[in-house]
Amino acid sequence: MQVSMDINGQTYTHDIEARTLLVHYIRDVVGLTGTHWGCDTSNCGTCVVLVDGEPVKSCTQLAAMAGGHEVTTVEGLEQDGVLDPIQEGFMQNHGLQCGFCTPGMLMTCRALLDKNPNPTQEETREAISGQICRCTGYTSIIRSVNWTAAKEQEMRETPVALEGAAVGGGN
């Protein structure tokens, strides 16, 4: 069967077997290996991607089901060489250690912040409850989300200089 979907802003169309899982389509057909393949049973959450902005465990969704939809993988977070604030938050607050769960955690946390720009610790715990991290104890992940929420709030409140406009003393 033929499937076509938008992944990180680029359209991909391929002939695939109907039984192809989204995680395998992303990794093996498209070649984006940032999405990790973990348990294959939806328990670990390492394979989370966003489908139309919603976190989805790609090991339990057929690629055909994502046809016609917008998929965002961890590679799609960084834009023009600039890390997404959630990536920066994980880096600044040690939200990752071995890195295996990190792509799925980043995508889940990005979706959380897109829906709720200032989540409580409990809301963050609930959002990541479907994912397993064996290294961090989750404290640094929650701290990373809090840091990112504060940074994004500051970014929303800071006026941006208009392109071409004089900034400062002037003539």
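The coordinates are above.
Being a predicted model, the structure only gives us computed values, none of them experimental. (Residues numbered from 1 in each chain as written. Predicted model: local features only at pLDDT ≥ 70, side-chain atom pairs only at ≥ 80, totals over all residues. Heavy atoms only, no water.)

1. Description of the nonpolar core
Soluble globular proteins tend to bury their nonpolar side chains together. Here is the rule we go by: Buried residues of nine kinds, namely Ala, Val, Leu, Ile, Met, Phe, Trp, Tyr and Cys, make up a nonpolar core once their side-chain atoms join them within 4.5 Å. Buried means the residue's accessible area, taken with a 1.4 Å probe over protein chains only, is under 20% of the maximum for its type, while exposed means over 50%, and partly exposed covers the values in between. Secondary structure counts use DSSP, requiring at least four H or I residues in a row for a helix and at least two E residues in a row for a strand, with both numbered from the N terminus. Residue ranges for the domains originate in an automatic or database domain assignment. Contact between two residues is taken to exist if any of their heavy atoms lie within 4.5 Å; hydrogens are not considered.
One finds Ile86, Phe90, Met105, Cys109 and Ile141 to be the most contacted residues of the largest nonpolar core, which totals 19 residues. Of all the elements in the fold, those that place two or more residues in this core are β3 (48–51), α3 (85–92), α4 (102–115) and α6 (139–157). At seven residues, α4 tops the list of elements feeding residues into this core. Of the domains in this structure, domain 1 (2–76) and domain 2 (85–167) are the two that each give at least three residues to this core. Met105 has contacts with Phe90, Ile128, Gln131, Cys133, Tyr138 and Ile141, leaving out every residue within four places of it along the chain. Counting 16 residues, the second-largest nonpolar core is a separate cluster that includes Tyr25, Ile26, Val30 and Leu32.

2. Quick word on the environment of Gln87
Mapped onto the secondary structure, Gln87 falls in helix α3. With relative accessibility at 14%, the residue Gln87 sits in the buried group. Sequence-wise, Gln87 and Thr73 are 14 residues apart; in three dimensions their C-alpha atoms are separated by 13 Å. Apart from the residues within four sequence positions on either side, Gln87 is in contact with Val74, Leu77, Glu78 and Leu106.

3. A short note on the pattern of salt bridges
For the record, the criterion: The term salt bridge refers to a pairing of a side-chain nitrogen on Lys or Arg with a carboxyl oxygen on Asp or Glu at a separation within 4 Å.
The tally for this structure, following the rule as stated, stands at six salt bridges. Note that Lys151 and Glu88 form a salt bridge whose closest N and O atoms lie 3.4 Å from each other. Placement of the pair is Lys151 in helix α6 and Glu88 in helix α3, with a sequence separation of 63 residues. One salt bridge in this structure joins Glu152 and Arg110, with 2.8 Å as the shortest N-O distance. Linking Glu152 in helix α6 with Arg110 in helix α4, this pair joins segments that are 42 residues apart in sequence. Both residues of the pair, Glu152 and Arg110, count as buried. Taken together, the shared-partner salt bridges in this structure form one network comprising Asp84, Arg110, Asp114 and Glu152.

By themselves, these are just geometric observations and shouldn't be taken as functional.
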